[in-house]
Amino acid sequence: MEMVEAGHHVAVIDDLVVDLTKYHFHHPGGAFVLKQNIGRDISKYFHGAFSLENMGKNKVHNWYHSTQARRIVNDIAIGRYIKRAEVRLCSTMVDRNTN
């Protein structure tokens, strides 16, 4: 992401680009969780499909964010991330002389 290379602390949740600059100090899970994921798609963490703590022996249950957390995401959203599909050009030659 160009924004991360420019020094912005942003991440992607679903298709929203969120600015983590002011919020990471207020995150209940701590600033570490957000700082480790700057520039990444963090949708799987937000929706509870994965947890950073599920590594090694100390497994924890996945976390599900509240409605309030979803409102905060909407408040810190600064844009939409649109990944454009690759376009492949292919040519097909048809022989029209089928006598």
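Worth saying up front: this structure is predicted, and the values here are computed from it rather than measured.

Participant: Describe the overall build of the protein chain, with residues and values.
Facilitator: Scanning the protein chain for helices and strands turns up four helices and three strands. What you see in the protein chain, going N to C, is helices and strands ordered as α-β-β-α-α-α-β. Burial status across the protein chain gives 24% buried among its 99 residues. At a minimum sequence separation of 6, the contacts of the protein chain that also span at least 24 residues come to 50%. Surface summary for the protein chain: the accessible area is close to 8,300 Å², and the carbon and sulfur share equals 53%.

Participant: Tell me what's going on with the environment of Asn-74, and back it up with residues and numbers.
Facilitator: As for its placement among the helices and strands, Asn-74 is situated in helix 4 (residues 67-76). You can call Asn-74 exposed: its relative accessible area is 52%. Spatially, the C-alpha atoms of Asn-74 and Ile-13 are 10.0 Å apart, while their sequence positions differ by 61 residues.

Participant: Account for the sheet that holds strand 3 (residues 77-80), naming residues and giving values.
Facilitator: Taken in spatial order, the three strands of this open sheet run 1-2-3, and their pairing is antiparallel. Of all the strands in the sheet, the pair left with one neighbour each is strand 1 (10-13) and strand 3. Direction aside, the axes of adjacent strands within the sheet are offset by 30° on average. The pairing of strand 2 (residues 16-19) with strand 3 spans three bridges and is antiparallel. Residue pairing for strand 3: Val-18 is matched across the bridge by Ala-77. The strands that helix 4 touches are strand 1, strand 2 and strand 3; relative to strand 2, the one it contacts most, it runs at about 85°.

Participant: Would you mind going over the pairing of strand 1 in detail, with residue names and values included?
Facilitator: Every second residue of strand 1 is oriented toward a common face, with Val-10 and Val-12 on one face and Ala-11 and Ile-13 on the other, all of them buried. Taken together, the four bridges between strand 1 and strand 2 define a ladder with antiparallel strand orientation. Within strand 2, the position partnered with Val-10 by the bridge is Asp-19. As consecutive antiparallel partners, strand 1 and strand 2 are separated by two residues, and within that stretch Asp-14 has a phi angle of approximately 55°, a positive value.

Participant: Help me get a handle on the pattern of salt bridges, residues and values and all.
Facilitator: If you walk through the whole model with that rule in mind, you get one salt bridge. Across the pair Arg-80 and Asp-15 runs a salt bridge whose closest N-O atoms are separated by 2.9 Å. Within this pair, whereas Arg-80 is found in strand 3, its partner Asp-15 is found in the loop between strand 1 and strand 2, the two being separated by 65 residues in sequence. Here Arg-80 falls in the exposed class, since its relative accessible area comes to 56%.

About the thresholds
- Each residue is numbered by its place in its chain's sequence as written, counting from 1.
- Totals for whole chains, interfaces and linings use all residues, but because this is a predicted model, local features are given only for residues with pLDDT of at least 70 and pairs of side-chain atoms are given and counted only at 80 or more.
- Each side-chain value is derived from all of the structure's non-hydrogen atoms; neither hydrogens nor water enter the calculation.
- Numbering of helices and strands runs from the N terminus; a helix is a DSSP stretch of H or I covering at least four residues, while a strand is a stretch of E covering at least two.
- Residue burial is assigned from relative accessible area. The probe radius is 1.4 Å, only protein chains are included, and a residue is buried under 20% of its type maximum, exposed over 50%, and partly exposed in between.
- We call two residues contacting when some pair of their heavy atoms lies within 4.5 Å.
- Computed with a 1.4 Å probe, the accessible areas rest on the Shrake-Rupley method; for each residue, only the protein chains presented here act as cover.
- Paired strands, in this sense, are two strands between which DSSP finds at least two bridges.
- Working convention: axes come from line fits to C-alpha atoms, limited for helices to the stretch in contact. Angles between N-to-C directions cover 0 to 180 degrees.
- Each salt bridge in this description consists of a side-chain nitrogen of Lys or Arg and a carboxyl oxygen of Asp or Glu lying within 4 Å of one another.

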